[in-house]
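# Notes for the structure review
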Amino acid sequence: MKAIGIILAGGNNDGRLGVLTDHRAAAALPVGSCYRAIDFTLSNMSSSGIGKVAVLTQFNSRSLRDHLMSSKWWDFGRKQGGLFVFTPYTSKEGSTWFRGTADSIYQNMTFLKRSNEEYVVITSGDSIYKMDYKKVIKEHVAKGADITVVYQNMAGKDLSKFGVMEVAEDGRLMGFEEKPAQPKSENASLGIYVISRTLLINLLEQAIPEGKYDLVKDIIIRFIPTLKIYGYEYNGYWNSVGAGTAAYFAANMDFLNKEVRDHFVSEYPYIATKPKDEPPAKFNRGADVKDTITGSGSIFDGKVEHCVVFRKVRVGVGAVVKNSILMEGCQIGENCVVENAILDKYVVLTAGQKVIGTSAAEPAILKKETVL
């Protein structure tokens, strides 16, 4: 049951992340003090035995491409298979941006047609989870499914930003609503699909010439009556940093929970990332840092509590930082106050500045290289 992987890492998630995706794709967002969002899906692919993976990206792809420049960290540096990064390009046939998720795969149809593996695992690049795709493929085959959609029961959560599935007792998909105002179910699609390679090619070659470019709306929902589409329930940890700033904030803060942190960092299979060769964090006399994870090369002189701090951050004497995310290279001056905030890369706060957000659901956000 060999498979290839396709990671949809298109771009900025329709502006839901505001200035955080002004200069990077959502899949390249920093997570948990040392990771990028795409690390989780790449590690899942590798640990599931999928050795040939395509990353489809479009908006603000430079940062993502830089992160993926060497594929060896996820064990994709190999003769057979490997990691491929595809973006829109110009040719004699024309130059068209990816017009949707299905179209992004169609424009790279050569990747599918030159592969020999029987199945394709399609995922997003901005979700935080650990999954063995082999189990999904095994159930896909056992049920004789044409398409399998992974979902999670999210009872009590806001489902207005998800695809909501109606699933029969035998797992058959009976209905699918995209971002409904009044959902008929509490089963939310996780954006993970298994399909045979030949069927995917046939469906794309049917849909794209008809001007249908979306994988969910124009293929999955469209063919519910005629194809055997099943759901696969996943009960482990899952979050999507692409759902918005509140979701991004929450996903990072989850890493302060030891169980969540150990799940990704200490329990095999581990989540891999591109390493940085820097000294460990330094805590000077007078620093008070607690309930915080810190990146390498950071230096602390002030008070930091319940925060996620990335690499090369400096917190000055008398500064107080609480319930916040400080990305790479931030400089917090003396006697500053930062609370309920996300500070993008290289933000500089001069002495005495205050940045205070309303709450974790509405954090204050300072864009990259802001100087106050």
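Up top is the structure.
Residues numbered from 1 in each chain as written. Predicted model: local features only at pLDDT ≥ 70, side-chain atom pairs only at ≥ 80, totals over all residues. Heavy atoms only, no water.

### What to know about the overall build of the protein
Helix and strand content of the protein: nine helices and 26 strands. What you see for the protein is a C-alpha radius of gyration of 21 Å, in line with the 21 Å of a compact globule of 372 residues. Per-residue burial for the protein yields a buried fraction of 53% across its 372 residues. A fraction of 58% describes how many contacts in the protein between residues 6 or more apart in sequence connect residues 24 or more apart. Surface accessibility of the protein: about 16,600 Å² in total, with carbon and sulfur atoms responsible for 47%. Computed over 45 positive and 41 negative side-chain charges, the inter-centroid distance for the protein is 6 Å. (Helix = DSSP H or I, 4+ residues; strand = E, 2+ residues; numbered from the N terminus. Rg over C-alpha atoms; globule rule 2.2 N^0.38 Å. Buried < 20%, exposed > 50% of the residue type's maximum accessible area, 1.4 Å probe, protein only. Contact = heavy atoms within 4.5 Å. Areas by Shrake-Rupley, 256 points an atom, 1.4 Å probe, with all protein chains shown as cover. Lys, Arg positive; Asp, Glu negative; His and termini not counted. Charge placed at Lys NZ, Arg CZ, Asp CG, Glu CD.)

### Things to note about the sheet that holds strand β24 (residues 348–349)
Read across the sheet, five strands follow the order β14-β16-β18-β21-β24 without closing on themselves; strand pairing throughout is parallel. With one partner strand each, in any of the chains shown, β14 (282–283) and β24 form the two edges of the open sheet. With two bridges connecting them, strand β21 (residues 331–332) and β24 associate as parallel partners. Counterpart to I332 in the pairing with β24 is L349. (Pairing = 2+ DSSP bridges.)

### Some remarks on the packing of aromatic side chains
This structure, assessed with the given rule, holds twelve aromatic pairs. Both rings, one in F40 and one in F264, keep their centres 5.2 Å apart while their planes meet at 85°; by these two values the pair is edge-to-face. Taken together, the residues span a long stretch of sequence, with F40 in helix α1 (residues 38–47) and F264 in helix α9 (residues 258–265) at a distance of 224 residues. Between Y268 and Y270, the aromatic rings sit 5.6 Å apart at their centres with planes inclined by 85°, giving edge-to-face as the arrangement. Relative accessible area serves as the criterion here: at 47%, Y270 is assigned to the partly exposed category. Taken together, the ring pairs in this structure connect Y35, F40, Y237, F255 and F264 into an aromatic cluster. (Phe/Tyr/Trp six-rings, centres within 6.5 Å; stacked < 30°, edge-to-face > 60°.)

### Quick word on the nonpolar core
Within the largest apolar cluster, 36 residues are counted, with the highest numbers of intra-cluster contacts made by I6, I105, L112 and I122. A total of six residues in this core trace back to one element, the largest contributor, which is helix α6 (residues 197–207). When near neighbours in sequence (up to four residues on either side) are disregarded, I6 contacts M45, A54, L56, I105, F111, L112, V120, V121, I122 and T123. If you look at the next biggest cluster of nonpolar residues, it comprises 35 residues, including A3, A27, L42 and I50. (Core = buried A, V, L, I, M, F, W, Y, C linked by side-chain atoms within 4.5 Å.)

### Describing the environment of G5
Inspection of the secondary structure puts G5 in strand β1 (residues 3–9). Here the alpha-carbon distance between G5 and L42, two residues 37 residues apart in the chain, equals 9.2 Å. Residue contacts for G5: discarding those within four places in its chain leaves M45, I50, K52, V53, A54, F111 and V121.

### Section: helix α5 (residues 133–142)
Within α5, the full set of buried residues consists of Y133, V136, I137 and H140. Down the axis of α5, the buried side of the element spans an arc of 95°, and every buried residue falls inside it. Residues of α5 that are exposed and angled more than 90 degrees away from the buried face: K135, K138 and A142. With a side-chain oxygen lying 3.0 Å from the backbone nitrogen of K134, the N-terminal cap of α5 falls on D132. Note on α5: the residue one or two positions beyond its end, G144, has a positive phi of about 65°. (Arc of directions from axis to C-beta. Polar contact = N/O pair within 3.5 Å; in protein donor to acceptor, adjacent residues only side chain to side chain.)

### Quick word on the state of the cysteines
Within this structure, the stated rule accounts for zero disulfides. Distance from the sulfur of C34, which forms no disulfide, to the nearest cysteine sulfur (C307) is 16 Å. No disulfide involves C330; its nearest neighbouring cysteine sulfur is the one of C307, lying 11 Å away. (Disulfide = S-S within 2.5 Å.)

### Observations concerning the environment of I122
Considering the arrangement of structural elements, one finds I122 in strand β6 (residues 119–124). Here the alpha-carbon distance between I122 and N235, two residues 113 residues apart in the chain, equals 19 Å. If sequence neighbours within four positions are ignored, I122 has contacts with I6, L8, I105, G191, I192, Y193, I195, L200 and L215.

### Some thoughts on the pairing of strand β12 (residues 229–233)
Most of β12 is tucked away: four of the five residues are buried. The pairing of strand β8 (residues 147–153) with β12 spans five bridges and is parallel. When the sheet's bridge partners are listed, Y151 is paired in β12 with E233.

### Describing the pattern of salt bridges
A side chain of one charge can pair with a side chain of the opposite charge when the charged atoms of the two come close. Going through the model one piece at a time under the given rule, you end up with 13 salt bridges. Of the charged contacts, one joins K134 and D132 as a salt bridge, the two residues approaching to 3.3 Å between their closest N and O atoms. In this structure K134 comes out as partly exposed when scored by relative accessible area, which is 41%. Residues K258 and D262 are paired through a salt bridge, measuring 2.5 Å at the closest nitrogen-oxygen approach. With K258 and D262 both in helix α9 and four residues apart, the pair spans about one turn of that helix. (Salt bridge = Lys/Arg side-chain N within 4 Å of Asp/Glu carboxyl O.)

### Some points on the environment of N116
Structurally, N116 can be placed in the loop between α4 (109–113) and β6. With a relative accessible area of 71%, N116 lands in the exposed category.

Just geometry here; none of it tells us what the structure is for.
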